[in-house]
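Structural overview for review
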Amino acid sequence: MANKKQKGITTMDDDKRKLKTEMSREEMTKLLDIFNSFDSAVDTIIECLDVDLSTLRDLRSKAHDMQHLLNFRSPVDEDSGHPNHWRPKVLNDAPNAWFYEPRDDE
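Residues numbered from 1 in each chain as written. Predicted model: local features only at pLDDT ≥ 70, side-chain atom pairs only at ≥ 80, totals over all residues. Heavy atoms only, no water.

What follows deals with the overall build of the protein chain. Looking only at helices and strands, the protein chain has 2 helices and 0 strands in total. Within the span of the protein chain, comprising 106 residues, buried residues form 25% of the whole. A total of about 8200 Å² of accessible surface is found on the protein chain, and carbon and sulfur atoms cover 53% of it. (Helix = DSSP H or I, 4+ residues; strand = E, 2+ residues; numbered from the N terminus. Buried < 20%, exposed > 50% of the residue type's maximum accessible area, 1.4 Å probe, protein only. Areas by Shrake-Rupley, 256 points an atom, 1.4 Å probe, with all protein chains shown as cover.)

Moving on, we get to the environment of Pro75. Note on placement: Pro75 falls in the segment after helix 2 (53-70). Placed 20 residues apart in sequence, Pro75 and Pro95 show a C-alpha to C-alpha distance of 8.8 Å. Apart from residues lying up to four places away in sequence, Pro75 is in contact with His82, Pro83, Asn84, Arg87, Pro88, Val90, Asn96 and Trp98. (Contact = heavy atoms within 4.5 Å.)

Mapped onto the secondary structure, Asn71 falls in the segment after helix 2. At 3.0 Å, the side chain of Asn71 and the side chain of Arg73 are in polar contact. (Polar contact = N/O pair within 3.5 Å; in protein donor to acceptor, adjacent residues only side chain to side chain.)

Attention now goes to the environment of His64. Tracing the backbone shows His64 in helix 2. For His64, a relative accessible area of 37% translates into the label partly exposed. With 30 residues separating them in the primary sequence, His64 and Ile34 have C-alpha atoms 9.8 Å apart.

With respect to the helices, strands and loops of the structure, Asn84 is situated in the segment after helix 2. For Asn84, a relative accessible area of 5% corresponds to the buried category. If sequence neighbours within four positions are ignored, Asn84 has contacts with Ser74, Pro75, Val76 and Asp77.

With that out of the way, let us pick up a nonpolar patch on the surface. On the surface, Ile45, Val51, Leu53 and Leu56 cluster together into a nonpolar patch covering about 330 Å² of accessible area. Looking at the secondary structure, you find Leu56 in helix 2. For Leu56, a relative accessible area of 41% translates into the label partly exposed. (Patch = residues over 30% accessible without salt bridge, like charges linked within 9 Å, V, L, I, M, F, W, Y side chains within 5 Å. Salt bridge = Lys/Arg side-chain N within 4 Å of Asp/Glu carboxyl O.)

What follows covers helix 1 (residues 25-48). In this model helix 1 runs 34 Å from its N-terminal to its C-terminal C-alpha over 24 residues, within 8% of the 34 Å that 1.5 Å per residue would give. Within the sequence span of helix 1, burial applies to Ile34, Ser37 and Ala41. Taken from the residues just after helix 1, Leu49 is the one with a positive phi, measuring 55°. (Expected span 1.5 Å × (residues − 1).)

Okay, the packing of helix 1 against helix 2 next. Direction vectors running N to C along helix 1 and helix 2 enclose 150°, while the axes themselves pass 10 Å from each other. It follows that helix 1 is roughly antiparallel to helix 2 by the angle criterion. Relative to helix 2, the crossing made by helix 1 is left-handed. Along its contact with helix 1, which presents Glu27, Lys30, Leu31, Asp33, Ile34, Ser37, Phe38 and Ala41, the element helix 2 presents Thr55, Asp58, Leu59, Lys62, Ala63, Asp65, Met66 and Leu69. (Axes fitted to C-alpha atoms, helices over the stretch in contact; angles between N-to-C directions. Parallel < 35°, antiparallel > 145°, perpendicular 65-115°, else oblique. Left-handed = near helix turned anticlockwise from the far one by under 90°.)

Written out as structure tokens, the structure reads:
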């Protein structure tokens, strides 16, 4: 689904907006890896009262992994219809979830 172009900014078919309720063992293992990275980073920060760049880089990478695994979406700007990538992500079935819509000239 990640490589497939998705139509409609907020008008995805109902079957593509369903919340994921079941996970494969591979997906659960990936989620466990993400959790363990977050947990380890928090432990390191608490123990050292500091954070190094490699820990921040790993946290950012795992946040992206989790976003893609669970299909979290950027919210749509109400005025422009463009995605607000800097805002907190929303579930893919949220009415303001942004989806890429190819332009007619593409």
